[in-house]
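Each chain, letter by letter, is given below.
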Amino acid sequence: MTLIFRWLFVAIAILLAAPLAAAEPLDPKSGKEEGELIWYDIRALGIEGQGWTEVKSPFDRLPAKAEGKVRDAVWSLSRDSAGMCVRFSTDSPAVHCRWTLTKANLAMPHMAATGVSGVDLYVNTAKGWRWVACGRPTAQTNSAALVAGLPAESRDWLLYLPLYNGVSSVEIGVAKSAKVSPLPREKGKDKPLVFYGTSITHGACASRPGMVHTAILGRKLDRPVINLGFSGNGKMENEVNELLAEIDAEIYVIDCLPNMTAAEVAQRTEPLVALIRKARPTTPIVLVEDRTYSDAHLVNSKRERNDTSRAALKAAYDKLIAAGDKHLYYIPGEHLLGDDDEGTVDSSHPTDLGFMRQAEAMLPVLAPPLKPAQ
């Protein structure tokens, strides 16, 4: 019996490590041959993390029609490429990337340039997606050899785009002799997890794009993610809510409390849920409380802010449940970042540690509603 289980374990490991079903390889003529590499525009591979195809610029997070409809601040922030990624398969012994940013400011005082403006590469293994390399930005246009010297065998890759900067172009460079193919999702795993929130959802202050909790959860749950975090501007506004409802989501995660007063939470939560319900009667909606400020144990005003906004959200949730909503879920905020106050850079925005803890706290709530592939 032990031998049977050992062979079963080996078989599962082989299946997990095997490349996913890639599509037909790109025509090398569609790329740009330069030296020993061919460069491919990632749009030919398919950009994951966009809810709309009718966009003003190729890497926008909101549709072109949102300009003038949402507030100017929201529209401007939607030009950042937070949450976007490209999945591809190649047998190239090296993977290069070059990308051009839309903003010259590469970093923030409390957030590294690698998170604000870098790219982040993962590879699929028997243990799932594993980190490989981060492309470090040094200017608005960057080129990086992310990995080299590999045996020439097919591997599946995942490249995340910058969190707090936009991109006007992104290219993947592979060996001239290599094949590169899109990596489509399996049927039943192609609906996105949609996150609507604040600077934290946007990605502040992850050290690299793959470490924001939305990306971590996307890898853990094997689902695409649409990141609609708008720094300082996640306010449950009706103009954004209407756009949310257009997306055929697997789950909606509403995490706006850090940008809202308790009065706004009380006023806007039920209309947001009602608007989504009109278009998506049975799609799970998850309401997330505000995380606890790391210094709230010392600063009473921050503790009071946490308590009042949470009470308003819980009251709205209880009312909606009492009214019969059977697809509404709730995540308390008290332990989202852990209990040792070590998970942030400024008492508010998570470090990588804080984001990992937030993902782990959300996972038990998000996983059960997911439907198995048919």
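Residues take numbers from 1 onward in each chain, read along the sequence in its written order. Since the coordinates come from a predicted model, pLDDT governs what is reported: local features require at least 70, and pairs of side-chain atoms require 80 or more to be given and counted, while whole-chain, interface and lining totals use all residues. Processing note: side-chain calculations cover all non-hydrogen atoms of the structure and skip hydrogens and water entirely.

**Structural notes on helix α5 (residues 213–221)**
- Along α5, 8 of the 9 residues are buried, which leaves the element largely enclosed by surrounding structure.
- For each residue, the accessible area found with a 1.4 Å probe, counting protein chains only, is set against the maximum for its type, and the residue is called buried under 20%, exposed over 50%, and partly exposed in between. Secondary structure elements are defined from DSSP: runs of H or I of at least 4 residues count as helices, runs of E of at least 2 residues count as strands, and each element is numbered from the N terminus. Within the span of α5, buried status applies to His213, Thr214, Ala215, Ile216, Leu217, Gly218, Arg219 and Leu221.
- Following α5 by one or two positions, Asp222 has its phi on the positive side, about 55 degrees.

**Things to note about empty space enclosed by the protein**
- Cavities and pockets are defined on a 1 Å grid built over the protein atoms alone: a cavity is a set of grid points where a 1.4 Å probe fits but cannot escape, while a pocket is an open set with protein on both sides within 12 Å along at least five of seven lines, and lining residues are those with an atom within 4 Å of any such point. Grid points are joined across faces, edges and corners, and a volume is the space filled by probe spheres set on the points. Summed over the entire model, instances satisfying the criterion amount to 2 cavities of 30 Å³ or more.
- Roughly 120 Å³ of internal volume is contained in the largest cavity.
- Considering the residues around the largest cavity, the lining is formed by 15 residues, among which Glu48, Cys85, Tyr160, Gly218 and Arg223 are closest to the centre.
- At the level of secondary structure, the elements contributing two or more residues to the lining of the largest cavity comprise β4 (85–90), β9 (155–160) and α5.
- Take the lining of the largest cavity: its biggest share by element is 4 residues, from α5.
- Residue composition of the lining of the largest cavity, by class: 7 nonpolar, 3 polar and 5 charged.
- The volume enclosed by the second largest cavity comes to roughly 30 Å³.
- Every residue lining the second largest cavity is listed: Ile200, Asp255, Pro258, Glu289, Asp290, Arg291, Leu336 and Gln358. Classification convention: Asp, Glu, Lys, Arg as charged; Ala, Val, Leu, Ile, Met, Phe, Trp, Tyr, Cys, Pro as nonpolar; all other residues, Gly among them, as polar.

**Examining helix α7 (residues 262–279)**
- A helix's residues, less one, multiplied by 1.5 Å, set its expected span. An ideal rise of 1.5 Å per residue puts 26 Å on 18 residues; α7 measures up with 27 Å between its terminal C-alpha atoms.
- In α7, a bend of some 35 degrees at Arg268 exceeds every other bend along the element, and Pro271, a proline, comes one to four places later.
- Buried residues of α7: Glu264, Val265, Thr269, Leu272, Val273, Ile276 and Arg277, and no others.
- Looking at the buried positions of α7, the neighbouring elements they touch are β12 (193–197), α6 (238–246), β14 (251–255), β15 (285–288), α8 (300–322) and β16 (328–331). To get the bend at a given residue, fit one axis to the seven residues ending there, fit another to the seven starting there, and take the angle between those axes. Only heavy atoms matter for contacts: two residues are in contact if any of them lie within 4.5 Å across the pair.

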